[in-house]
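Structure assessment
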Amino acid sequence: MHRTFLALGGLIVAMNASAATLEEAADLFSAGKWTEAAAAYQEIVDREPANALALVRLARSRAAGGDATRAIEALKAWFATGNGSYQVAMALPEFRSLQTDPRFVAMMEPLRPCQAPEYRQFDFWLGDWDVTSPANPGGSSRNRITSINGGCTLREEYTTPLGYEGTSLNFYDAARRVWHQTWIDNQGGALYLEGRLEGRSMVMATTTDPQNVQRITWTPQDDGQVRQHWEATTDGGKTWSTVFDGYYAKREKT
């Protein structure tokens, strides 16, 4: 990339002999020539304001060259194209120096996935619990509910003293505005539920057969416990029977 100059009527006019290309800019970027790479990517962005690749490379070049202000400006433009990625931005090494910059934090935090209030509706289930049931006095199982995938998923790990184990993944489907649970145990049993928060309770049920339905309701109690009530119907909801009715109490730390 170079420039030639022509004298026209006493004025010096700069003309691009060849416009910067993505390939040329990429070569400069790979060589760690941050100032030259930023200039090349800026030229491309000036021609193509929605070029997401050029924008993120511009931001990376600016950040690597120590120009935090213009790096953040380029990042904002990258996200404005609709092609920006929170995970990518947080993983790219050139942006590590920005992660303590309040301007970067303020820009990125609203972009963090799974931060809407709906994703927190089932957080009352988080914890390490002892699970008991009035139908089985004296017996106690353990259920560990943890947040994984950056707060996008709840993982359940259930064990009983007799060796029964089961695991479920629970997540909010923002597109359909429903919660899902996929359960599998160590006996090959599986359960697929979906539903939503109803009042204080999370209610999820099977959906494949309207006559035969499994429905589970989790309700936080005023004393900090959580009640789980599992019901089943074989007549389309005319009558329900209880499969399990238990209470979760936080385990004492040892």
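Look up: the structure comes first, before these words.
Described in the following lines is the structure provided in the data block. (Residues numbered from 1 in each chain as written. Predicted model: local features only at pLDDT ≥ 70, side-chain atom pairs only at ≥ 80, totals over all residues. Heavy atoms only, no water.)

The next subject is the overall build of the protein chain. A count of helices and strands for the protein chain gives six helices and twelve strands. With the C-alpha coordinates of the protein chain rotated into their principal frame, the extents come out at 95 × 45 × 35 Å. Every one of the 254 residues in the protein chain was classed for burial, and the buried ones make up 35%. Look at the contacts in the protein chain between residues 6 or more apart in sequence, and 33% of them connect residues 24 or more apart. (Helix = DSSP H or I, 4+ residues; strand = E, 2+ residues; numbered from the N terminus. Buried < 20%, exposed > 50% of the residue type's maximum accessible area, 1.4 Å probe, protein only. Contact = heavy atoms within 4.5 Å.)

If you walk around this closed barrel you meet the ten strands as β3-β4-β5-β6-β7-β8-β9-β10-β11-β12, and the pairing is antiparallel. The sheet shows a mean angle of 25 degrees between the axes of neighbouring strands, direction not considered. Bridge analysis of strand β9 (residues 201-205) against strand β10 (residues 213-220) gives four bridges, and the strand direction is antiparallel. Note that in β10 the partner of Ala205 across the bridge is Arg215. (Pairing = 2+ DSSP bridges. Axes fitted to C-alpha atoms, helices over the stretch in contact; angles between N-to-C directions.)

This next bit is on the packing of helix α1 (residues 22-30) against helix α2 (residues 34-47). The interhelical angle for the contact between α1 and α2, taken along N-to-C directions, is 160 degrees, at an axis separation of 8 Å. One way to sum up the angle between α1 and α2 is to call them roughly antiparallel. Remark: the crossing between α1 and α2 carries left-handed chirality. In this structure, α1 contributes Leu22, Ala25, Ala26, Leu28 and Phe29 to the contact, and α2 contributes Trp34, Glu36, Ala37, Ala40, Tyr41 and Ile44. Counted by class, the contact of α1 with α2 contains ten nonpolar, no polar and one charged residues. (Parallel < 35°, antiparallel > 145°, perpendicular 65-115°, else oblique. Left-handed = near helix turned anticlockwise from the far one by under 90°. Nonpolar A, V, L, I, M, F, W, Y, C, P; charged D, E, K, R; others polar.)

Scanning all chains against the criterion turns up 14 aromatic pairs. Taking 6.5 Å as the distance between ring centres and 80 degrees as the angle between the ring planes, the aromatic pair formed by Phe29 and Tyr41 counts as edge-to-face. Residue Phe29 is found in helix α1, and its partner Tyr41 is found in helix α2; the two are separated by twelve residues along the sequence. Overall, Tyr41 belongs to the buried group, its relative accessible area being 1%. Both rings, one in Phe122 and one in Phe124, keep their centres 5.5 Å apart while their planes meet at 65 degrees; by these two values the pair is edge-to-face. Residue class for Phe122 comes out buried when judged on its relative accessible area of 0%. What makes Phe124 partly exposed here is its relative accessible area of 22%. Each residue in the set Tyr119, Phe122, Phe124, Trp125, Trp129, Tyr172, Trp179, Trp218 and Tyr248 is aromatic and connected to the rest through ring pairs, giving one cluster. Note that Arg57 overlies the ring of Phe29, its terminal NZ or CZ placed 4.4 Å from the centroid. For Lys250, the ring lying beneath its charged end belongs to Trp129, and the centroid distance is 4.8 Å. (Phe/Tyr/Trp six-rings, centres within 6.5 Å; stacked < 30°, edge-to-face > 60°. Lys NZ or Arg CZ within 6 Å of the ring centre and 35° of its normal.)

Turning our attention to the state of the cysteines. Here, disulfide denotes a covalent bond that connects the sulfur atoms of two cysteines. Considering all chains together, one arrives at one disulfide under this definition. Disulfide pairing places Cys114 opposite Cys152 at an S-S distance of 1.9 Å. Handedness of the Cys114-Cys152 disulfide follows from its S-S torsion of about 105 degrees: it is right-handed. Residue Cys114 is located in the loop between α6 (102-108) and β3 (127-132), and its partner Cys152 is located in the loop between β4 (141-148) and β5 (153-159); the two are separated by 38 residues in the primary sequence. Overall, the relative accessible area of 21% leaves Cys152 in the partly exposed class. (Disulfide = S-S within 2.5 Å.)

Phi angles above zero are rare outside glycine, and Asn149 is one such case at about 55 degrees. Note that Asn149 resides in the loop between β4 and β5. On the accessibility criterion, Asn149 (54% relative accessible area) is exposed. A positive phi angle is found at Arg177, which is not glycine, with a value near 60 degrees. Summarising the element assignment, Arg177 is placed in the loop between β6 (165-173) and β7 (178-185). By relative accessible area, Arg177 is classed as exposed at 63%.

For the rest of this paragraph, the subject is the pairing of β10. With respect to burial, β10 is a largely interior element, six of its eight residues being buried. Relative to strand β11 (residues 226-233), β10 is paired through eight bridges, and the arrangement is antiparallel. Residue pairing in the sheet places Ile216 in a bridge with Trp230 of β11. Adjacent in sequence and paired antiparallel, β10 and β11 are bridged by five residues, among which Gly224 carries a positive phi angle near 95 degrees.

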